[in-house]
Amino acid sequence: MTDDEFDYWCKQQQLTASCKDLIAAIRAAPPSRRVQGRAKNVSGVYPSRKMGQTIQFESHTVELWAIYQMEHDPQVLEFYDQPPPFKIQYQNQNGRKIGHYHTPDFFVLRTTGAAWEEWKTETELKRLAQKYPSRYQKTETGHWHCPPGEAYAASYGLTYHVRTDTELNPVFTQNLMFLEDYFRFSANIPHSITEQISSAVQATPGTTIAATLASIPGVRANDIYAMIATEQVYVDLYAVPLVEHWRVQLWTDQQTHTAHTHLAIGTTGHHQQIISPTTLLPNTLLVWDAQLWTLALLCHYRGSIRMYKAQNEDTEHGRASSTQRNR
């Protein structure tokens, strides 16, 4: 946000002068610490387009996934890693009062307000709750919270959230894991390839990865994955796993996807997926008469297809029984 946009946002949130000064200081400060990798974690930096700078993550799973989620969440205006620390006090499991400085993972500005956020796995939180029951607590509704962190945030009229890996959509998380190397390393894709893919997606919004690979000679799946990671084409990472090429739809950008999604909602209010033209390829799995078949041959000139189905799951294709169907 620009200075004017920040001032307007503060007025919308009706922040006190002291709270506005605090947030301004956080926005202007560099990360308070440099993250380090541990035995079971891989640290690194994520080049954020939204922030125009790199964002640190101490865990290549939970924190990196949280960063990607904030990067693509339109409700998130800004997010800062390793904000300035503040002092918290609480009792340990022996009832002894302890106090120390605490650095949350992120400070996040959303359209609805600002908050400190600490991201951890559910397993780690359960362990910490046993060791520090006054610091990490789980409510009856299953939500985690940190009373000492919340107390500090409340003194400024802000909030403090404990976030867990269980909040991340399983398909979304799976796709992030799949794209991890493409986020961290640049792929040298020939300009001619990216142009052909972009043109194909623009000409047929919602075309699938399978159709794109079949229609453009020389294009590899890796090329499309790299373009997804660098946002040269858009994919709804919450929809289906990226490895399912026949289901993954490609769009020029998120706005185009949103527009087509709205068009697919009928008067009943139920979502109806727009099926884009695709290419039937050999070995494609098809459901026909409530049975699973594998496409063996597609005869365009005769208007028929040849398929076989597996009858023995112990082998790759089983004993194939073939059939021919007219389209």
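(A) Representation of helix α2 (residues 17–28) within the structure. The first and last C-alpha atoms of α2 sit 17 Å apart over 12 residues, in line with the 16 Å expected at 1.5 Å per residue. Burial in α2 covers these residues: Cys19, Leu22, Ile23, Ile26 and Arg27. Seen end-on, α2 carries its buried residues on one side only, within an arc spanning 135 degrees. Exposed residues lying more than 90 degrees from the buried face of α2 are Ala17, Asp21 and Ala28. Considering only its buried residues, α2 is in contact with α1 (3–13), β3 (76–81), β6 (106–110), β7 (113–120) and α5 (147–154).

(B) Structural view of helix α9 (residues 221–229). For α9, the buried fraction is high: 8 of the 9 residues fall into the buried class. All of the buried residues in α9 are Ala221, Asp223, Ile224, Tyr225, Ala226, Met227, Ile228 and Ala229. Count one or two residues on from α9 and you reach glutamate 231, which has phi positive near 65 degrees.

(C) Region of the structure containing the environment of glutamine 137. Assignment of secondary structure puts glutamine 137 in strand β8 (residues 137–138). Distance in space between the C-alpha atoms of glutamine 137 and leucine 125 is 8.6 Å, their sequence separation being 12 residues. Beyond its immediate sequence surroundings of up to four residues, glutamine 137 is in contact with His143, Trp144, His145 and Pro147. There is a polar contact of 3.1 Å between the side chain of glutamine 137 and the backbone oxygen of proline 133.

(D) Local environment of the sheet that holds β7. Strand order across the open sheet formed by 4 strands is β3-β6-β7-β10, with mixed pairing between neighbours. Strands with a single pairing partner mark the edges of an open sheet, and in this sheet they are β3 and β10 (159–164). The mean inter-strand angle of the sheet, taken between neighbouring strand axes irrespective of direction, is 30 degrees. As paired strands, β3 and β6 are joined by 5 bridges and run antiparallel to one another. Across the sheet, residue tyrosine 80 finds its bridge partner in β6, namely phenylalanine 107.

(E) Fine view of unusual backbone geometry. Even without glycine at this site, glutamine 82 takes up a positive phi of about 50 degrees. Topologically, glutamine 82 is positioned in the loop between β3 and β4 (86–91). Even without a glycine there, the phi angle at glutamate 231 is positive, about 65 degrees. By the secondary structure assignment, glutamate 231 is in the loop between α9 and α10 (254–263). Taking the relative accessible area as the measure of exposure, glutamate 231 reaches 35% and is therefore partly exposed.

(F) Quick look at the pattern of salt bridges. Here the structure, examined in full by the defined rule, presents 13 salt bridges. Across the pair glutamate 124 and arginine 127 runs a salt bridge, and its minimum N-O distance is 3.9 Å. Of this pair, glutamate 124 and arginine 127 both sit in helix α4 (residues 122–131), 3 residues apart, which is roughly one turn of that helix. Glutamate 124 sits in the partly exposed class, given a relative accessible area of 26%.

Conventions adopted
- Residues numbered from 1 in each chain as written.
- Predicted model: local features only at pLDDT ≥ 70, side-chain atom pairs only at ≥ 80, totals over all residues.
- Heavy atoms only, no water.
- Helix = DSSP H or I, 4+ residues; strand = E, 2+ residues; numbered from the N terminus.
- Expected span 1.5 Å × (residues − 1).
- Buried < 20%, exposed > 50% of the residue type's maximum accessible area, 1.4 Å probe, protein only.
- Arc of directions from axis to C-beta.
- Contact = heavy atoms within 4.5 Å.
- Polar contact = N/O pair within 3.5 Å; in protein donor to acceptor, adjacent residues only side chain to side chain.
- Pairing = 2+ DSSP bridges.
- Axes fitted to C-alpha atoms, helices over the stretch in contact; angles between N-to-C directions.
- Salt bridge = Lys/Arg side-chain N within 4 Å of Asp/Glu carboxyl O.

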